[in-house]
Amino acid sequence: MKKKLMTMVILAMTLATADAQNPIVQTWYTSDPAPMVCGDKIYVYTGHDEDNADFFWMYEWRVYSSSDMVNWTDHGSPLSLRSFSWADDRAWAAQTIERNGKYYWYVCAHSKLTNGMAIGVAVADSPTGPFHDALGKPLLDNGSWDNIDPTVFIDEGGQAWLFWGNPTINYAKLNSDMLSFDGEVKQVNQTIEGFGAPNVKERQKDVKYKDNYTEGPWILKRNSLCYLLYAAGGVPEHIAYSTAPSFEGPWTYRGEIMPLEDTKSFTNHCGVADFKGHSYFFYHTGKLPGGGGFGRSAAVEEFTYNPDGTFPL
Ligand code: FUB
């Protein structure tokens, strides 16, 4: 976040959560944090970077919860590559959502069926599991390497939306079973107005665009406004966002939420949640001792939306 906001946020954190520390978990590397509020707790679903890794060789996902944003309970790893018979590598970014008392954990992993990245979904009766592969096969597996970083949101009409992709932005409506698509998978047309740069294939080498979508989308809807937050700028990544009147667009580029800073990680990945009357922005850094670009850890800052719904700059 920009300096002014950081100062404000640090002050707010000092006043509101005097003992909060970043990274929020200091015993494991916890990448790609995805918050979910359930009852009086906030859960954070993360990836798990291996110690001393030289790539994103990742094998499991983990869950943490808190009642006060200060103390975090480790619920272990209720989901791993072993949970998916079709997956053999790269347990990358994921997100969990509740519907009708069931918890759906959308993941991406390397598919041994197609040798691409695929999206799968696990289900449980509790936010901490046990989770199992809900379909026994991927939800989407077409051999593409773009199928990473699923993000999910259920709007006020009960429509569930799934977005994902690097460097394309793809989306589909989910049926109310949360296990199948309602209609076809669509691709967002990236434009300068919508995302700071056109679709990758249309970008010109000599042009300096004001921004560009890279990966790690996070969708939400608040006061009738749809938000798409994302890692941007290639590597190193910062976090930017776009808004639209509907998840089908048209999208308007809104600028950076978390500009580049020395996070010691060349990737970033965000998630946002409102919890007990406060808004929180989750991201990851490589700042845990021994960490770095392949040893990332979840962190969080409190923020306040501007009156018009934009993020503070
Ligand atoms: O954690 C592996 C990959 O790194 C994620 O899928 C991306 O969003 C980036 O954070």
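Look above for the structure.
Everything numeric in this text was worked out from a predicted model, so none of it was measured.

Caption draft 1: Geometry of the packing of aromatic side chains. Per the counting criterion, the structure on display carries 30 aromatic pairs. Taking 6.0 Å as the distance between ring centres and 10° as the angle between the ring planes, the aromatic pair formed by Trp-164 and Phe-181 counts as stacked. Of this pair, Trp-164 sits in strand S12 (residues 160–164) while Phe-181 sits in strand S14 (residues 181–187), placing them 17 residues apart in sequence. One exposure class covers both Trp-164 and Phe-181, and it is buried. Here a set of aromatic residues connected by ring pairs shows up, and it is made of Phe-153, Trp-161, Phe-163, Tyr-171, Phe-195, Tyr-213, Tyr-230, Phe-247 and Trp-251. For the cation-ring pair, Arg-62 lies above Trp-28, with the distance from its terminal atom to the ring centre recorded as 3.6 Å. Here the basic side chain of Arg-222 rests over the ring of Tyr-305, its NZ or CZ set 3.6 Å away from the ring centre.

Caption draft 2: Expanded view of the sheet that holds strand S11 (residues 151–154). Pairing in this open sheet of four strands is antiparallel, and the strands run S11-S12-S13-S14 from one edge to the other. The open sheet has two edge strands with one neighbour each: S11 and S14. Averaged over all adjacent pairs, the angle separating strand axes in this sheet is 15°, with direction ignored. Here S11 runs beside S12; their pairing, made up of four bridges, is antiparallel. Bridge pairing in S12 places Ile-154 opposite Ala-160.

Caption draft 3: Looking closely at the sheet that holds strand S20 (residues 278–285). Within the open sheet, the three strands sit side by side as S19-S20-S21. Their pairing is antiparallel. Both outer strands of the open sheet, strand S19 (271–275) and strand S21 (297–303), are each paired with one neighbouring strand and no more. In this sheet, adjacent strand axes meet at a mean angle of 30° when their direction is disregarded. In this structure, S20 lies alongside S21, joined through seven bridges in antiparallel fashion.

Cut-offs applied
- Each chain has its residues counted from 1, following the order in which its sequence is written.
- Confidence filtering applies because this is a predicted model: local features only for residues at pLDDT of at least 70, side-chain atom pairs given and counted only at 80 or more, and all residues used for totals across whole chains, interfaces and linings.
- Computation of side-chain values covers all heavy atoms of the structure but excludes hydrogens and water.
- Stacked, tilted and edge-to-face are the three classes assigned to paired rings of Phe, Tyr and Trp, where Trp is represented by its six-membered ring and a pair needs centres within 6.5 Å; plane angles under 30 degrees give stacked, over 60 edge-to-face, the rest tilted.
- Helical segments are the DSSP runs of H or I of at least four residues, strand segments are the runs of E of at least two, and each set is numbered from the N terminus.
- The buried label goes to any residue with under 20% of its type's maximum accessible area, the exposed label to any with over 50%, and the partly exposed label to all in between, with areas taken from a 1.4 Å probe on protein chains only.
- Think of it as a cone above the ring: NZ of Lys or CZ of Arg counts as a charge over the ring if it is within 6 Å of the ring centre and within 35 degrees of the ring normal.
- Two strands pair if DSSP finds at least two bridges between them.
- Fitted lines through C-alpha atoms serve as axes, helices being fitted only where they are in contact, and the angles separating the N-to-C directions of these axes extend from 0 to 180 degrees.

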